[in-house]
Amino acid sequence: MFTAVATAVDEPLAFTEREVPEPGQGEVLVKIIACGVCHTDLDLLQGHWPIARFPVVPGHEITGVVAAAGPGVSWPEVGTSVGAQFLGDSCRRCDHCVRGEQILCPRKRITGIVMDGGYAEYAVLKADFVTPLPQGLDPVAAAPLMCAGLTAFNGLRQGGITATSRVAVIGAGGVGSLAIRYAVAMGARVAVIGRSDRGEAAAREMGAERFIATQDSDPAEALKAWDGGANLIFNAAPSTSAAAAAFTGLAPDGTLVLVGYGPEPLTLPTRPMALNRLHAMINPSGSPHDMRDTLAFSAAHDILPEFTSIGLRDANAALAAMARGHAGKRSVITFG
Ligand SMILES: [Zn+2]
Ligand SMILES: [Zn+2]
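Keep in mind the model is a prediction, meaning the values are calculated, not measured.

Observations regarding the overall build of the protein
Now for step 1: For the protein, the helix and strand inventory stands at eleven helices and 17 strands.
Now for step 2: In terms of overall dimensions, the protein is globule-like: its C-alpha atoms have a radius of gyration of 20 Å, near the 20 Å expected for 336 residues.
Now for step 3: Projected onto the principal axes, the alpha-carbon positions of the protein cover approximately 60 × 40 × 35 Å.
Now for step 4: For the protein, buried positions account for 48% of its 336 residues.
Now for step 5: Partitioning the contacts of the protein with sequence separation of at least 6, the portion at a separation of at least 24 is 68%.

Comments concerning the nonpolar core
Now for step 1: If you look at the biggest cluster of nonpolar residues, it comprises 98 residues, and the most contacted ones within it are V30, V167, V169, I170 and A179.
Now for step 2: Residues lining this core come from more than one domain, with at least three contributed by each of domain 1 (2-147 + 286-334) and domain 2 (150-282).
Now for step 3: Apart from the residues within four sequence positions on either side, I170 is in contact with I193, I233, F234, N235, A236, A237, A242, A243 and A246.

A short note on the environment of V124
Now for step 1: Mapped onto the elements of the fold, V124 is located in strand β8 (residues 122-126).
Now for step 2: C-alpha of V124 to C-alpha of A69: the two residues are 55 residues apart in sequence and 9.3 Å apart in space.
Now for step 3: If we skip the residues at most four places from it in the chain, V124 touches P21, P23, E27 and L29.

Overview of the sheet that holds strand β15 (residues 279-282)
Now for step 1: An order of β12-β11-β10-β13-β14-β15 is seen for the six strands of this open sheet, with the pairing classed as parallel. Every interior strand has two partners, whereas the edge strands, β12 (210-213) and β15, have only one. Recorded for the sheet is a direction-independent mean angle of 20° between the axes of neighbouring strands.
Now for step 2: Two elements, strand β10 (residues 166-170) and strand β11 (residues 189-194), share five bridges in a ladder whose sense is parallel.

Points about the domain arrangement of the protein
By convention, interface size is frequently given as the accessible area that disappears when the constituent parts associate.
Now for step 1: As far as domains go, the protein holds domain 1 (2-147 + 286-334) and domain 2 (150-282).
Now for step 2: When each unit is reduced to the centre of its C-alpha atoms, the spacing between domain 1 and domain 2 is 28 Å.
Now for step 3: Contacts between domain 1 and domain 2 engage 15 residues on the former and nine residues on the latter.
Now for step 4: When residues in the side of domain 1 that touches domain 2 are grouped by element, the largest group, five residues, is from helix α10 (residues 288-300).
Now for step 5: Broken down by class, the residue content of the side of domain 1 that touches domain 2 amounts to eight nonpolar, four polar and three charged.

Details of the pairing of β10
Now for step 1: Burial runs high along β10: five of the five residues are buried.
Now for step 2: Where burial is concerned, the two faces of β10 agree: the one with R166, A168 and I170 and the one with V167 and V169 are both buried.
Now for step 3: In this fold, β10 hands off to helix α5 (residues 174-185), which returns the chain to β11; that crossover is right-handed.
Now for step 4: Where β10 meets strand β13 (residues 230-235), four bridges bridge the pair, whose relative direction is parallel. Across the sheet, the residue bridging to V169 is F234, located in β13.

Re the environment of V190
Now for step 1: Along the chain, the position of V190 falls in strand β11.
Now for step 2: With 48 residues separating them along the chain, V190 and A142 place their C-alpha atoms 24 Å apart.

Some words on the environment of K224
Now for step 1: As for its placement among the helices and strands, K224 is situated in helix α7 (residues 219-224).
Now for step 2: Residues K224 and H301 lie 77 residues apart in sequence; the distance between their C-alpha atoms is 30 Å.
Now for step 3: Once you skip the residues sitting within four places of it in the chain, K224 turns out to touch G229 and G249.

Things to note about the packing of helix α4 (residues 148-158) against α10
Now for step 1: In contact at an axis separation of 9 Å, α4 and α10 are set at 95° when each is read in the N-to-C sense. Here α10 runs roughly perpendicular to α4, going by the angle between their axes. Between α4, through G149, L150, F153 and N154, and α10, the contact on the second element is made entirely by D290, M291, D293, T294, F297 and S298.
Now for step 2: Of the residues belonging to the contact of α4 with α10, the class tally is four nonpolar, four polar and two charged.

A word on the pairing of β12
Now for step 1: The sheet contact formed by β11 and β12 spans four bridges and is parallel. Among the inter-strand pairings, I193 is bridged to a residue of β12, identified as I212.
Now for step 2: For the crossover that starts at β11, traverses helix α6 (residues 200-205) and ends in the parallel β12, the hand is right-handed.

A word on α10
Now for step 1: Helix length check: α10, at 13 residues, gives a terminal C-alpha distance of 18 Å against a target of 18 Å (1.5 Å per residue), a fit within 8%.
Now for step 2: Within α10, the full set of buried residues consists of D290, M291, T294, L295 and S298. For α10, the arc enclosing every buried residue in end-on projection is 135°, short of the 170-degree limit, so these residues lie on one face.
Now for step 3: Looking at the buried positions of α10, the neighbouring elements they touch are β5 (81-84), β9 (130-132) and α4.
Now for step 4: Directly beyond the C-terminal end of α10, a positive phi value near 55° is found at D302.

Brief notes about α5
Now for step 1: Its twelve residues give α5 an end-to-end C-alpha distance of 17 Å, which sits within 8% of 16 Å, the value for a rise of 1.5 Å per residue.
Now for step 2: Of all twelve residues in α5, ten are buried, a share of seventy percent or more.
Now for step 3: All of the buried residues along α5 are G174, V175, G176, S177, L178, A179, I180, R181, Y182 and A183.
Now for step 4: G187 lies just past α5 and shows a positive phi near 95°.

Parameters at a glance
Residues numbered from 1 in each chain as written. Chains lettered and ligands numbered in written order. Predicted model: local features only at pLDDT ≥ 70, side-chain atom pairs only at ≥ 80, totals over all residues. Helix = DSSP H or I, 4+ residues; strand = E, 2+ residues; numbered from the N terminus. Rg over C-alpha atoms; globule rule 2.2 N^0.38 Å. Buried ≥ 20, exposed ≤ 12 C-beta atoms within 10 Å, placed from the backbone. Contact = placed C-beta atoms within 7 Å. Core = buried A, V, L, I, M, F, W, Y, C linked by C-beta atoms within 7 Å. Domains from an automatic or database assignment. Pairing = 2+ DSSP bridges. Axes fitted to C-alpha atoms, helices over the stretch in contact; angles between N-to-C directions. Nonpolar A, V, L, I, M, F, W, Y, C, P; charged D, E, K, R; others polar. Right-handed = clockwise from strand over helix to strand, strands pointing away. Parallel < 35°, antiparallel > 145°, perpendicular 65-115°, else oblique. Expected span 1.5 Å × (residues − 1). Arc of directions from axis to C-beta.

And the structure:
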């Protein structure tokens, strides 16, 4: 099978032919249809994942079809369309695992970082950690839902979104656009925060009622003027300081959820935080039940990401474009 391998930090992906792997106990072999290119894949190659086990096949936005099941595996059946995500395995015994919060397991294992992922024609995956795709969901368009979608959907949920929330989304790229559309579909009111007003028309088209350009106005003040502030600020921009600048625009008991952040520390003003019981959290992806809900909600509300189809050989170019900040639409590797 044709395979891309991350061999070491700061090395481009190497392309190679490998034997199709055999699924072991508790595993399934998935014939991959599509794999999205996530920023985490670039982080891996740039050395930001000390736990990485090189050589590793990157990729954790996987969709495909179960081609074979390992010994003792009765689910999912051969022929089932499935997706696989960032969280590839966990201990299944700790308090977090038994509560269905496997993403918090201290012994969790990450697809495409310590286990081979989706930049290949086949992958062996843990049967309990794949998610059946809802009927009718296009497996190519659904690939980015396995990480970008999950991160957006579950970030809003962990931030306590309700149908009466005012939600401010910072950054309207891949994850941010999905967050806007999910929040609108959940019944929330949405404001979008961008640097310039270039993104305003697109934000309004997605259902945002307000657009705040930080080059023209202070985001925290603009949010406070929005019926008393945002109940949830969702930061999808790759900047910690962008999130911090909006923080005091939260309404009392509001929550800042970061899914994007930079290397700088998060600095927040403690007095307004204490007076108004404000919260801040970084949400790491999600557990298998969050993945199911993300796919079900996306299918029910027809929320699919914009993407560009590429071949596996184009992966280095897509990652290089991402490194330069010129990624554009999400790249999805497809296997014909
Ligand atoms: Zn565990
Ligand atoms: Zn990802």
